[in-house]
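# Analysis of the macromolecular model
Spelled out, the chains give:
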Amino acid sequence: MAIIETVELRKVFRSIKREPGLGGAFGALFSRRYEEKAAVEGVSFSLEPGEIVGYIGPNGAGKSTTIKMLTGILVPTSGTLRVAGLVPHERREANAENIGVVFGQRSQLYWDLPLRESFELLRAIYDVPRERYRANLAEFSDLLDLERFMDTPVRQLSLGERMRGDFAGAMLHDPKIVYLDEPTIGLDVVAKEAIRGFIGRVNRERGTTVILTTHDLADVERLSRRIILIDEGRVIYDGALERLREEYGTHRTLVVTLAGSYPEFAVEGATIESREANLVRLRFDRRTLSAEALVRRVMERYTISDIAIVEPDIESIVRRLYLEGYRAALPVEPA
Amino acid sequence: MSARRFRFEPYVEFAKRAIAREATYRFDVFTGLASVVIRVYLLRMVWVALYAHNAAPRDLPLHAIITYSTIALLMGLVLDIDQTRALYERLHDGSIATDFMKPIKVPLYFFADGTGEVLFHAALVVPALCFSCTSTCRRLRCSGLSR
């Protein structure tokens, strides 16, 4: 049974449209014109318990609006949604007990208080039994190395430390679902890896369902097998990450290091992506030309010292999807 | 649909954390303490000077006017909280969303936070109140200005 289910979810924001200047400001007091904008337009998906899903899209695509509806702080204009059996906006507080939220750009910790006191406060808010609280805190402290800054005020923590604190805080009450909004933004590689490891472990060991909203697709690649791609309020892809790579990653790159000097370099069926001295990057379509055939063609005409094939990274595929939009050839695959 | 049981504990904790937050900066606390004592002292001096050089109203002796104005000043300081501003700021920067994502009643959260601030301010005026009481009593005993 799905833990999250949305059907034709839609959210329209209504804003006042007024003329510029002082006249417009006064005019709007008496006569108002409204402008409607659909932030989310018919989003449907379902998630099984224990899934990690990358919910991605460009800025203004409707990701945060969807998350806000799932957390119950926004009421959908139309459509239905259920989160762990509840309609979130009808039972916001009950729904909040089932979820944990981490925002990369906003902290739920108390700025002036030590981390430990913020955790104590969260224990009181979520009514976590003392035993469970101690066990969770000990485990998270161990996993995220929190002990050395547990008594430091949050305002004195580095971004990486604060994020680790935020993660522990969001998981203290054993939520069924965790919404992560840009959880690794601004973090260094070591901190990112620690956070990713933590998310993966919590998902594996506790069966926590995770919705990961991010622009850093490395997070998605590392953690989830499924992605939901949203653009202009609509789901343009819902399915396996590998399938996306298969279907959209049609072009690969052959990196060739030439052993001799070849001012004129050309290979039939491939285009030169870049060339720096003896290092040439060739782009080819794997549907029309196999890597083996291309390598053979190169080796027949040139002497080479090294060769490598680079698979398309998910970032370039998603960039292409953003630019080209939804293609009828790629139907939305129910997970 | 079962109703959720209301719990006071989070709101008591919010109030306690608000007190702890107000007491974070030592410099603020001690200058705040000193400022209240000085304000009470100056207020008293103004009334003493006014009563010393002018005819006092018959039904309003010096100790009564000092008591009244001191209490008014201290009450103003104790209740000097601005939860509207706190709410506005949280709305403006969007951080109120995180409050609504918790299983709490948000208006009660702000009330509890404000209560914590009031309690902290109340503790802050105690030294000034003691100073005011002792100095007024001493003056009442030692001089005839109040009559």
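For the structure given in this document, a descriptive report is provided here. Everything numeric here is computed off the predicted structure, so don't read it as measured data. (Residues numbered from 1 in each chain as written. Chains lettered and ligands numbered in written order. Predicted model: local features only at pLDDT ≥ 70, side-chain atom pairs only at ≥ 80, totals over all residues. Heavy atoms only, no water.)

### Focus: the overall build of chain A
Threshold: Each helix is a run of H or I in the DSSP string that is no shorter than four residues. Each strand is a run of E no shorter than two, and both are numbered from the N terminus. A simple rule labels every residue: compare its accessible area, found with a 1.4 Å probe on the protein chains alone, to the largest value its type can have, and call it buried under 20%, exposed over 50%, or partly exposed in between. By definition in these notes, contact holds between two residues if any of their heavy atoms fall within 4.5 Å. Using a 1.4 Å probe, the Shrake-Rupley method yields the accessible areas, and only the shown protein chains count as cover for residues. The charged-residue count follows a simple rule in which Lys and Arg add positive charge and Asp and Glu add negative charge, with His and chain termini not counted at all. All charge positions are set by atom: Lys at NZ, Arg at CZ, Asp at CG, Glu at CD.
In terms of regular secondary structure, chain A is built from eleven helices and 13 strands. In terms of overall dimensions, chain A has a C-alpha envelope of 70 × 60 × 45 Å along the principal axes. A burial count over chain A gives 52% of its 335 residues as buried. Within chain A, contacts between residues at least 6 apart in sequence are counted, and of these 71% link residues at least 24 apart. As displayed, chain A has an accessible area near 16100 Å², and 49% of this comes from carbon and sulfur atoms. A distance of 3 Å separates the average location of the 47 positive side-chain charges in chain A from that of its 51 negative side-chain charges.

### Remarks on the packing of helix α4 (residues 115-126) of chain A against helix α6 (residues 159-171) of chain A
The description of two helices packed together rests on the angle between their axes and the distance between the axes. Residues and elements named next belong to chain A. Selection rule: Lines fitted to the C-alpha atoms define the axes, with helices restricted to the stretch that makes contact. Angles between their N-to-C directions range from 0 to 180 degrees. Roughly parallel refers to an angle under 35 degrees, roughly antiparallel to one over 145, roughly perpendicular to one between 65 and 115, and oblique to any angle outside these ranges. It is the rotation of the near helix from the far one that decides the hand of a crossing: anticlockwise by less than a right angle makes it left-handed, clockwise makes it right-handed. Any residue that is not Ala, Val, Leu, Ile, Met, Phe, Trp, Tyr, Cys, Pro, Asp, Glu, Lys or Arg is counted as polar, Gly included; the first ten are nonpolar and the last four charged.
The N-to-C vectors of α4 and α6 enclose an angle of 20°; their axes lie 10 Å apart at closest approach. When the axis of α4 is compared with that of α6, the two are roughly parallel. For α4 against α6, the interelement crossing comes out right-handed. Where α4 approaches α6, its residues L115, F119 and L122 are matched on the opposing element by G165, A168 and G169. When its residues are assigned to classes, the contact of α4 with α6 shows four nonpolar, two polar and no charged.

### So, helix α10 (residues 291-301) of chain A
Among the residues of α10(A), those classed as buried are A291(A), A293(A), L294(A), V295(A) and V298(A). Residues of α10(A) that are buried make contact with β10 (251-258), β11 (270-276), β12 (279-285) and β13 (304-310) of chain A.

### Some thoughts on the pattern of salt bridges
As a reminder, the rule being used: We define a salt bridge as a side-chain nitrogen of Lys or Arg found within 4 Å of a carboxyl oxygen belonging to Asp or Glu.
All told, the structure shown has 41 salt bridges over all chains when counted by the stated rule. For E93(A), the salt bridge identified is with K105(B), shortest N-O distance 3.0 Å. One end of the pair, E93(A), is in helix α3 (residues 92-98); the other, K105(B), is in the loop between α5 (96-100) and α6 (106-142), on a second chain. One network of salt bridges, in which partners are shared, links E120(A), R123(A), D127(A), R130(A), R5(B), R7(B) and E9(B).

### Examining the nonpolar core
Filter applied, for reference: In this text, buried Ala, Val, Leu, Ile, Met, Phe, Trp, Tyr and Cys residues form a nonpolar core when linked through side-chain atoms within 4.5 Å.
Within the largest apolar cluster, 60 residues are counted, with the highest numbers of intra-cluster contacts made by L115(A), F119(A), F167(A), L180(A), I199(A), L244(A) and F14(B). It is α4(A) that provides the largest number of residues to this core, a total of six residues. With residues near it in sequence (within four places) discarded, F167(A) still touches V102(A), L144(A), L180(A), P183(A), I195(A), F198(A) and I199(A). Residues L9(A), L70(A), V101(A) and A97(B) belong to the second largest nonpolar core, which totals 27 residues.

### Comments concerning unusual backbone geometry
Residue and element names in this part refer to chain A. Positioned with a positive phi, A84 is a non-glycine residue whose angle comes to about 50°. The backbone of D145 sits at a positive phi, close to 55°, despite the residue not being glycine. Here D145 is to be found in the loop between α5 (130-144) and α6.

### A closer look at empty space enclosed by the protein
Cut-off, in case you're wondering: A cavity, in this analysis, means grid points on a 1 Å lattice covering only the protein atoms where a 1.4 Å probe fits yet has no way out; a pocket is instead an open set bounded by protein on both sides within 12 Å along at least five of seven lines, and a residue lines either one if it has an atom within 4 Å of a point. Grid points are joined across faces, edges and corners, and a volume is the space filled by probe spheres set on the points.
Scanning the entire structure with this criterion turns up two cavities of 30 Å³ or more. For the largest cavity, the lining is made up of 16 residues, of which V101(A), Q108(A), T98(B), M101(B) and K102(B) are closest to its centre. Among the elements of the structure, β5 (99-103) and α6 of chain A are those that each provide at least two residues to the lining of the largest cavity. If one sorts the elements of the lining of the largest cavity by residue count, β5(A) sits on top with five residues. Looking at the lining of the largest cavity residue by residue, the class counts come to seven nonpolar, six polar and three charged.

### Some remarks on the pairing of β11(A)
Residues and elements named next belong to chain A. Selection rule: For two strands to pair, DSSP has to find at least two bridges joining them.
Here β11 pairs with β12 via six bridges, running antiparallel. Paired with S274 across the bridge in β12 is R281. Hairpin connection between β11 and β12: a loop of two residues separates the two successive antiparallel strands, and A277 in this loop has a positive phi of roughly 55°.

### Quick notes on the packing of aromatic side chains
Residues and elements named next belong to chain A. Here is the rule we go by: Pairing of aromatic rings covers Phe, Tyr and Trp, the last through its six-membered ring, and needs centres within 6.5 Å; plane angles under 30 degrees mean stacked, over 60 mean edge-to-face, and all others mean tilted.
For the structure on display, the rule yields twelve aromatic pairs over all chains. Taking the centre distance of 4.9 Å and the plane angle of 80° together, the rings of Y262 and Y302 count as edge-to-face. You can see Y262 sitting in the loop between β10 and β11 and its partner Y302 sitting in the loop between α10 and β13, a full 40 residues away along the chain. Y262 sits in the buried class, given a relative accessible area of 18%.

### Some remarks on the layout of surface pockets
Taken as a whole, the largest pocket encloses approximately 1200 Å³ of empty space. Lining the largest pocket are 44 residues, with D112(A), R21(B), E22(B), D113(B) and E117(B) sitting closest to its centre. Listed by contribution, the elements that provide at least two residues to the lining of the largest pocket are α4 of chain A together with α1 (9-22), α2 (26-53), α3 (62-78), α4 (83-93), α5 and α6 of chain B. Ranked by residues supplied to the lining of the largest pocket, first place goes to α6(B) with eight residues. Counted by class, the lining of the largest pocket contains 19 nonpolar, nine polar and 16 charged residues.

### Things to note about the environment of L229(A)
All names here are of chain A. Residue placement: L229 occurs in strand β8 (residues 226-231). When the C-alpha atoms of L229 and V310 are compared, they prove to be 24 Å apart, with 81 residues separating the residues in sequence. The residues touching L229, leaving out its near neighbours within four places in the chain, are I56, R234, V235, I236, Y237, V318, L321 and Y322.

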